[in-house]
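# Structure assessment
If you want the building blocks of each chain, they are given just below.
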Amino acid sequence: MDGASVPVMPRGVRMQFDKVRDGWVLLAPERAIRLDPIGHAILSEVDGARSIDVISAILAARYAAPVAEIGKDCGEFVGALVARRILDLAA
Amino acid sequence: MTVPPPIAMLAELTHRCPLSCPYCSNPLELTRKEVELSTADWTRVFREAAALGVLQVHLSGGEPVSRRDIVDLVRAAAAAGLYTNLVTSGVGLTQARIAALDAAGLDHVQLSLQGTDAEMADRIGGYAGGFARKMAVAALLRDAGLPMTLNFVMHRMNMQQLPRAIEMAVELGARRIEVATVQFHGWAMPNRGALMPSRDQAREASRTVAEARDRLSGVLVIDYVPADYHATYPKACMGGWGSTGLNVTPDGTVLPCHAAQEIRHLTFDNVRDRGLAEIWYDGAAFNAYRGTEWMQEPCRSCARKAVDFGGCRCQAMALLGDPAATDPVCVKSPEHARLAEMAESFADARADLVYRHA
């Protein structure tokens, strides 16, 4: 996944806090995906304007983690959701 | 055994429908309008479902837009915090109604496809002009920005249209297509001699899906239900009985799956009498086939028992008269060879369609 790509959460996909299971879930057509804290942190920064590189830099600073490592995780996470048509990439 | 909360609820709002598909999954004995749950009943059920842990509600039927209060029902489900999916033929949807559903908080629409041209679709649906209406609705949904899944129900008569159905999904701007081979319950049972695909057709469909998934990765998601009677292992029906989903019928009866009433000796609770959580955790029908304790051989000692849960209980009932038997689709079932023969003979039959009727 190119670091300059900008992920977008399309209509019909949203994050929601699941009170019953005490965690965040990503809801999409016929899919409910339980998010771990990393997934939740990444998706919380997806606003349709920030690129994967920008999101990675924000998270690396926040968690004092190496940006290369965060960038790799972030790219793989976004890439998998794009392949499943749960996230789009801005044109 | 710890019982997890359900993730999804199928809300069969009504059995009324302008179409009369010969494989309708509604029971042969259709529920009359007079005994349907009210708007207030459904509103309470949606709240109870969300509190229980349901995340997604599938508003289905019959044709759910046959309910005059469909916009109010969508609003109530959305207000409860549920992800709302409208499962529709499109007939009965207008631009104004789509705008109202959109404003009420509808998340997603699943549009059924009986065939890829008017001749096939209207013949299968038993409704002249249905296909043209559906195509118009698909365009309206796209204009409104509502995300859409196309649901192509496949059988011997239209299986050759699968490549075109996949193309149409892309052209219509759908993000997903469900390609579902007819499951033989309800009205499909008396139509096995008209609808059963041949083994070659089933194989060709699987090949088409595999090729399209590869080619359209990132463009179109394809969910696929293969031809059951020709399979080697059974489907993990409902992901395991009473483990992930529940179904509420038009009159408020709560079922572990839409066909469960075929198992005559089970007793089902109703949302008019008991709370949904109590029904889910303590209801006799839900506990009847939960987990693996109820299993007989060859399931009991099988390594796959937590993979496919012995297959479909309703199918074991329908074909063998014993809902605790191994689904005969399974190659390990002593009845598997007989099922394979039965599938061949239905596939060779040239029976006329029996349409759904009141």
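Shown above is the structure to which this text applies.
These lines cover the structure that appears in this document, whether it is placed above or below. (Residues numbered from 1 in each chain as written. Chains lettered and ligands numbered in written order. Predicted model: local features only at pLDDT ≥ 70, side-chain atom pairs only at ≥ 80, totals over all residues.)

What follows deals with the overall build of chain B. Within chain B one finds 13 helices and nine strands. Here the C-alpha atoms of chain B give a radius of gyration of 20 Å, agreeing with the 21 Å that 2.2 N^0.38 yields for 358 residues. Based on the C-alpha atoms only, the size of chain B along its principal axes is roughly 55 × 45 × 40 Å. Looking at chain B as a whole, 50% of its 358 residues are labelled buried. Taking as baseline every contact in chain B between residues at least 6 positions apart, the subset at least 24 positions apart corresponds to 73%. (Helix = DSSP H or I, 4+ residues; strand = E, 2+ residues; numbered from the N terminus. Rg over C-alpha atoms; globule rule 2.2 N^0.38 Å. Buried ≥ 20, exposed ≤ 12 C-beta atoms within 10 Å, placed from the backbone. Contact = placed C-beta atoms within 7 Å.)

With 18 residues of chain B at the contact, the number on the chain A side is 15 residues. When residues of the side of chain B that touches chain A are traced back to their parent elements, those giving at least two are β3 (83–88) and β7 (221–225) of chain B. Of the residues assigned to the side of chain B that touches chain A, the class counts are six nonpolar, eight polar and four charged. (Nonpolar A, V, L, I, M, F, W, Y, C, P; charged D, E, K, R; others polar.)

Moving on, we get to the sheet that holds β3 of chain B. Here we have nine strands laid out as an open sheet, ordered β7-β6-β5-β4-β3-β2-β1-β8-β9 (chain B), and mixed in their pairing. Only two strands of the sheet have a single neighbouring strand rather than two, namely β7 and β9 (254–255) of chain B. (Pairing = 2+ DSSP bridges.)

Sheet faces and side chains relate simply in a regular strand, where the side chains alternate between the two faces. Residues and elements named next belong to chain B. In terms of residue burial, strand β5 (residues 148–154) counts as a mostly covered element, since seven of its seven residues are buried. Here β5 shows two buried faces, one formed by Met148, Leu150, Phe152 and Met154 and the other by Thr149, Asn151 and Val153. With five bridges connecting them, strand β4 (residues 108–113) and β5 associate as parallel partners. Paired with Val109 across the strands is Met148, a residue of β5. One ladder, built from six bridges, connects β5 with strand β6 (residues 176–181); its direction is parallel. Within the sheet, the bridge partner assigned to Leu150 lies in β6 and is Ile177. Taken together, β5, helix α6 (residues 162–171) and β6 form a β-α-β motif whose crossover is right-handed. (Right-handed = clockwise from strand over helix to strand, strands pointing away.)

Here the focus is the environment of Asp327 of chain B. Residues and elements named next belong to chain B. Looking at the secondary structure, you find Asp327 in the loop between α12 (313–320) and α13 (336–348). For Asp327, a count of 29 C-beta atoms within 10 Å translates into the label buried. C-alpha separation for the pair Asp327 and Met317, spaced 10 residues apart in sequence, amounts to 8.7 Å. For Asp327, the residues in contact, after removing those within four places along its chain, are Pro234, Gly310, Gly311, Cys312, Gln315, Ala316 and Ser333.

Bringing the sheet that holds strand β4 (residues 31–34) of chain A into the picture now. In sheet architecture, strand pairing relies on hydrogen bonds along the backbone and comes in two forms, parallel and antiparallel. All names here are of chain A. Taken together, three strands build an open sheet; the order of strands is β2-β3-β4 and the sheet is antiparallel. The strands lining the two open edges of the sheet, one partner per strand, are β2 (14–18) and β4. Each adjacent strand pair in this sheet contributes to an overall mean axis angle of 30°, direction not counted. Sheet analysis places β2 next to strand β3 (residues 23–28), joined by five bridges and oriented antiparallel. By the bridge assignment for β3, Gln16 is matched with Val25. (Axes fitted to C-alpha atoms, helices over the stretch in contact; angles between N-to-C directions.)

Residue and element names in this part refer to chain B. The complete set of buried residues in helix α4 (residues 118–125) reads Ala121, Asp122, Ile124 and Gly125. In an axial view of α4, the angular spread of the buried residues amounts to 165°, which keeps them on one side of the axis. Looking at the packing, one finds that the buried side of α4 touches β4 and α5 (130–144). Positive phi shows up at Gly126, right after α4, with a value of about 65°. (Arc of directions from axis to C-beta.)

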